[in-house]
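An overview of the molecular structure
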Number of protein chains: 2
Amino acid sequence: MKQFDTWDFVLGSSSPRRQDLLGRLGLEFEIRTVDFDERISEDIALSEQPEILALRKSNQIELNSNRECLITSDTSVIFRNEILNKPQNKAEAMQMLSSLNGNWHEVVTGVCLRTAEGVLSFSESTQVHFRTMGQEFIEDYIDDYQPYDKAGSYGIQELFGYIVVDKIEGCYFNVMGLPLSRLYLEMEKFLGAQSGSQQS
Amino acid sequence: MKQFDTWDFVLGSSSPRRQDLLGRLGLEFEIRTVDFDERISEDIALSEQPEILALRKSNQIELNSNRECLITSDTSVIFRNEILNKPQNKAEAMQMLSSLNGNWHEVVTGVCLRTAEGVLSFSESTQVHFRTMGQEFIEDYIDDYQPYDKAGSYGIQELFGYIVVDKIEGCYFNVMGLPLSRLYLEMEKFLGAQSGSQQS
């Protein structure tokens, strides 16, 4: 991406999926992460939490030069006004997937861009539909794939996601962890407004 | 996929994208293609043509045993009641992408499953939205990526697609060439009903 050539990108995430996604935009970047407390006030609306967590992550990572643009993000799976986190055990995974079964749920990713000059944050929502599965199918999946590292107990970019997610409304990559098209658009606007004053 | 273990799958397509997609369902398969005349009567509704072409492809490929299940498919990009084929030249690619620019269009994939016992066909539609691009962006893309092998002049699974497709309604993989979730569901029903009588 020629227009971003003067920037050094930093991704504040250890997630291999996010690294893969950012790479799809043709960007080179460095990974820089910190340990992070994800607890957040219960007064904040669920759909706003990812953006606030992305901002908070951003504030805890140092920029090393005026050429750097830091990208942080956070993704939540929301069903009936409840956030589905990583399941603690098989019973919890069964419960999450049984509730998502045959229904729509929402995946919200919040993103924060930060340079020495400023900060921009935004969030994007995608509706995801699961087709109806039998209980045995769900149980086999949990036993075979052990989805204990996955919010909502599933990954859209794995066999289970290919079979079960029959339709979405919104950005597919947002569900994986970065809304690629929106991210590119916001980067263009945010960085474009700065390139004049950028030190090189 | 244990329930499909007794079948030998044959994919009637030379498209690397379709081969990649079918592989994502964890299936092993052989490729078997024929030269094929894609002309079709103008009396047939545009959204029905992919399914009819998938059926026609299926009928031209031989099954070699009672264990084989042949999968054929066809995908059309439809905008304002017109099918967008592969562009013949730069002017045509410019025209197609300029018309899709900032608008919704439809991608329809027709699929046909065939065994010695029977045939099943279906089709799936996905709505795709392009965000608004400048003419220069479109022209740079065509010059750099030469999308002359792509119906509608774009691939959703390439840099251009990542940047430009900001939302969809329906199945993402359907736009790439196979509606994975629907395909899996239909295979379960179609092959499940036959497994009792299958020779092994």
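Refer to the structure printed above.
Structure report, in brief.

Reading the values: rules and limits
- Residues numbered from 1 in each chain as written.
- Chains lettered and ligands numbered in written order.
- Predicted model: local features only at pLDDT ≥ 70, side-chain atom pairs only at ≥ 80, totals over all residues.
- Heavy atoms only, no water.
- Helix = DSSP H or I, 4+ residues; strand = E, 2+ residues; numbered from the N terminus.
- Rg over C-alpha atoms; globule rule 2.2 N^0.38 Å.
- Buried < 20%, exposed > 50% of the residue type's maximum accessible area, 1.4 Å probe, protein only.
- Contact = heavy atoms within 4.5 Å.
- Areas by Shrake-Rupley, 256 points an atom, 1.4 Å probe, with all protein chains shown as cover.
- Lys, Arg positive; Asp, Glu negative; His and termini not counted.
- Charge placed at Lys NZ, Arg CZ, Asp CG, Glu CD.
- Least-squares fit on C-alpha atoms with pLDDT ≥ 70 in both.
- Buried area = accessible area lost by both parts, 1.4 Å probe.
- Salt bridge = Lys/Arg side-chain N within 4 Å of Asp/Glu carboxyl O.
- Axes fitted to C-alpha atoms, helices over the stretch in contact; angles between N-to-C directions.
- Parallel < 35°, antiparallel > 145°, perpendicular 65-115°, else oblique.
- Left-handed = near helix turned anticlockwise from the far one by under 90°.
- Nonpolar A, V, L, I, M, F, W, Y, C, P; charged D, E, K, R; others polar.
- Pairing = 2+ DSSP bridges.

Things to note about the overall build of chain A
When its secondary structure is counted, chain A shows seven helices and seven strands. Against the 2.2 N^0.38 benchmark of 16 Å for 200 residues, chain A shows a C-alpha radius of gyration of 18 Å, consistent with a compact globule. Oriented by its inertia axes, the alpha-carbon framework of chain A measures out at about 60 × 35 × 25 Å. Taking all 200 residues of chain A together, the buried fraction comes to 50%. By sequence separation, contacts in chain A at least 24 residues apart represent 70% of the contacts at least 6 residues apart. With an accessible surface of roughly 9,100 Å², chain A has 42% of that area assigned to carbon and sulfur atoms. Treating the 18 positive side-chain charges of chain A as one cloud and the 31 negative ones as another, the clouds have centres 2 Å apart.

Some points on the relation of the copies chain B and chain A
Superposing chain B onto chain A requires a rotation of 180° together with a translation of 0.0 Å along the rotation axis, leaving an RMSD of 0.0 Å. Taken together, the turn and the small shift mark the pair as related by a two-fold rotation axis. Judged by C-alpha distance, Glu169(B) is the residue of chain B that lies nearest the rotation axis, at 2.3 Å. Comparing interface residues between copies, 100% of those in chain B also lie at the interface in chain A; the contact surface is shared.

Re the interface of chain B and chain A
Taken together, the contacts link 27 residues of chain B with 27 residues of chain A. In this assembly, chain B packs against chain A so that about 2,200 Å² is buried in total across both faces, 62% of it on carbon and sulfur atoms. Three residues stand out in chain B for area buried against chain A, namely Arg131(B), Tyr162(B) and Ser181(B), and they jointly supply 27% of the buried area on that side. At the junction of chain B and chain A, the tally comes to zero salt bridges.

Brief notes about the side chain of Lys150(A)
Residues and elements named next belong to chain A. Looking at where Lys150 falls in the secondary structure, it is placed in the loop between α4 (135-145) and α5 (159-164). Its relative accessible area of 8% is what places Lys150 among the buried residues. Among residues more than four places away in sequence, those in contact with Lys150 are Arg17, Asn85, Lys86, Pro87, Gly155 and Glu158.

Focus on the packing of helix α3 (residues 90-100) of chain B against helix α4 (residues 135-145) of chain B
Residue and element names in this part refer to chain B. At a minimum axis distance of 10 Å, the contact between α3 and α4 shows a crossing angle of 135°. Taken together, α3 and α4 sit at an angle that is classed as oblique. Read as a crossing pair, α3 and α4 show a hand that is right-handed. Where α3 approaches α4, its residues Lys90, Ala93, Met94, Leu97 and Ser98 are matched on the opposing element by Gln135, Ile138, Glu139, Tyr141, Ile142 and Asp143. Here the residues of the contact of α3 with α4 sort into six nonpolar, two polar and three charged.

Side note on the pattern of salt bridges
Under the counting rule described, the total for this entry stands at 24 salt bridges over all chains. Between Asp20(A) and Arg24(A) there is a salt bridge, and its shortest N-O distance comes to 3.0 Å. Note that Asp20(A) and Arg24(A) are positioned in helix α1 (residues 16-24) at a spacing of four residues, about one turn of the helix. By relative accessible area, which is 25% here, Arg24(A) ends up partly exposed. Glu68(B) serves as the salt-bridge partner of Arg32(B), at 2.8 Å between the closest nitrogen and oxygen. Placement of the pair is Arg32(B) in the loop between β2 (29-31) and α2 (49-59) and Glu68(B) in strand β3 (residues 68-79), with a sequence separation of 36 residues. The pair formed by Arg32(B) and Glu68(B) is uniform in burial state, with each residue classed as buried.

Quick notes on the pairing of strand β6 (residues 119-130) of chain B
All names here are of chain B. Where strand β5 (residues 104-114) and β6 come together, 11 bridges link them in antiparallel fashion. The residue of β6 that forms the bridge with Arg114 is Val119. Between the antiparallel neighbours β5 and β6 lie four residues. As defined by bridge partners, β6 adjoins strand β7 (residues 165-170) across four bridges and the pair is classed as antiparallel. Paired with Gln127 across the strands is Glu169, a residue of β7.

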